[in-house]
Amino acid sequence: MVLDRDIRVTVLGNTGVGKTTLIDRIKGTDVVKIKSKKTLEINIEEKRIKLNSQANEPWYSLEAHRSYRIIAIDNPGDYKLRRKWREAMRTYRTAGMLFLLDPEQSIEIQRVAMEDSYNYFLDSLDLDPEKADKKGKSTKYVFHFVVNKCDYFLPDGVEKKSFKISAKIKEKAVDFLSHFAPTMDEFKNTFPRSKFGISYISAMYSSYNAVDKLFEILKVYIYQS
Ligand SMILES: Nc1nc2c(ncn2[C@@H]2O[C@H](COP(=O)(O)OP(=O)(O)O)[C@@H](O)[C@H]2O)c(=O)[nH]1
Ligand SMILES: [Mg+2]
């Protein structure tokens, strides 16, 4: 339908941070049905969804009747396979990237992954660094940083199912994310016209609403409404 809209996004992050799990969860898929295996190739996942906010739109509005097609480019996270990121971003032009972080994993290693995503994103714009910088300065992209596996901050013995972020857990997740602030600032300096956001979720245990919300945010960035 003409009304339909695409949300094209590249999903990046170190191996094991939950990229594939998150993409699998889109559309309310139950996590128990998902078999996790290492991503070695670039996979394109397409899912047509209705966002929760659309239910609040009046029936006569276009928005109420739209479908959103999520096109998520799932990438391998192994550092040896990261050169594929540039390839993926060159081949499948997207609005920007979802960068996932895992509080269970080394900060140092993930910082390198974040720096790699920055460099490969620029490379994908133009292999000439000056031209890439220029493009970065003048174009609007979307960079959304996601602290995944926030269930990791729950005290032992607390039920994880239907995980909901509390103020206490968010505080810990914010603290974890602060280690990446210098790199995130670098993104902001290089892409001054772009949109930046942060989400705290558990791809595995958050309700579908929380997963859906991530794409609501992207929709607003991309379509400004
Ligand atoms: N506890 C917890 N485990 C998760 C979460 N998301 C993913 N995982 C697990 O982390 C592992 C790696 O996930 P995967 O999606 O394959 O990561 P990828 O390499 O980034 O695609 C799997 O065993 C998942 O079940 C989460 O939110 N919480
Ligand atoms: Mg994967």
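Residues numbered from 1 in each chain as written. Chains lettered and ligands numbered in written order. Predicted model: local features only at pLDDT ≥ 70, side-chain atom pairs only at ≥ 80, totals over all residues.

(A) Looking closely at the overall build of the protein chain. When its secondary structure is counted, the protein chain shows 8 helices and 6 strands. Listing every helix and strand of the protein chain by position from the N terminus yields β-α-β-α-β-α-β-α-α-β-α-α-β-α. A compact globule built from 225 residues would reach a C-alpha radius of gyration of about 17 Å, and the protein chain, at 17 Å, matches this within 12%. When its C-alpha atoms are laid out on the principal axes, the protein chain stretches across 50 × 45 × 30 Å. (Helix = DSSP H or I, 4+ residues; strand = E, 2+ residues; numbered from the N terminus. Rg over C-alpha atoms; globule rule 2.2 N^0.38 Å.)

(B) Geometry of the packing of helix α3 (residues 83-91) against helix α4 (residues 107-125). At a minimum axis distance of 8 Å, the contact between α3 and α4 shows a crossing angle of 40 degrees. Relative to α4, the element α3 lies oblique. Read as a crossing pair, α3 and α4 show a hand that is right-handed. Where α3 approaches α4, its residues Trp85, Arg86, Met89 and Arg90 are matched on the opposing element by Asp116, Ser117, Tyr120, Phe121, Asp123 and Ser124. (Axes fitted to C-alpha atoms, helices over the stretch in contact; angles between N-to-C directions. Parallel < 35°, antiparallel > 145°, perpendicular 65-115°, else oblique. Left-handed = near helix turned anticlockwise from the far one by under 90°. Contact = placed C-beta atoms within 7 Å.)

(C) Representation of the packing of α4 against helix α5 (residues 129-138). Packing of α4 against α5 leaves a shortest axis separation of 8 Å and a crossing angle of 100 degrees. Considering their axes alone, α4 and α5 lie roughly perpendicular with respect to each other. Residues Leu122, Asp123 and Leu125 of α4 touch α5, and the partners they reach there are Ala132, Lys135 and Gly136. Looking at the contact of α4 with α5 residue by residue, the classes come out as 3 nonpolar, 1 polar and 2 charged. (Nonpolar A, V, L, I, M, F, W, Y, C, P; charged D, E, K, R; others polar.)

(D) Here's a closer look at the site of ligand 1. Close to ligand 1 lie 18 residues, the nearest being Gly18, Lys19, Thr20, Thr21 and Met204. For the shell around ligand 1, a count of residues per class yields 4 nonpolar, 11 polar and 3 charged. (Near = placed C-beta within 6 Å.)

(E) Geometry of the sheet that holds strand β5 (residues 142-147). Taken together, the 6 strands give an open sheet; going across it, the order is β2-β3-β1-β4-β5-β6, and neighbouring strands pair in mixed fashion. Each edge of the sheet is formed by a strand with only one pairing partner; in this case those strands are β2 (43-49) and β6 (195-200). Taken over all neighbouring pairs, the strand axes of this sheet differ in orientation by 20 degrees on average, direction set aside. In this structure, β5 lies alongside β6, joined through 6 bridges in parallel fashion. When the bridges of β6 are listed, phenylalanine 145 appears paired with isoleucine 198. (Pairing = 2+ DSSP bridges.)

(F) Seen up close, the pairing of strand β4 (residues 96-101). Buried residues dominate β4, accounting for 6 of its 6 residues. Examined bridge by bridge, strand β1 (residues 5-12) and β4 share 3 bridges and lie parallel to one another. The residue bridging threonine 10 from the neighbouring strand is methionine 97, located in β4. Summarising the sheet, β4 and β5 pair through 6 bridges and their orientation is parallel. Each bridged residue has a counterpart across the sheet, and for leucine 100 the counterpart in β5 is valine 146. (Buried ≥ 20, exposed ≤ 12 C-beta atoms within 10 Å, placed from the backbone.)

(G) Spotlight on unusual backbone geometry. Phi is positive for lysine 149, close to 55 degrees, though the residue is something other than glycine. Secondary-structure assignment places lysine 149 in the loop between β5 and α6 (167-178). By C-beta crowding, lysine 149 is classed as buried, having 25 other C-beta atoms within 10 Å. You will see that serine 162, though not glycine, has its phi angle at about 55 degrees, which is positive. With respect to the element layout, serine 162 can be found in the loop between β5 and α6. In this structure serine 162 comes out as exposed when scored by C-beta crowding, with 11 C-beta atoms within 10 Å.

(H) Examining the pairing of β1 more closely. As paired strands, β1 and strand β3 (residues 68-74) are joined by 7 bridges and run parallel to one another. Paired with valine 9 across the two strands is alanine 72, which belongs to β3.

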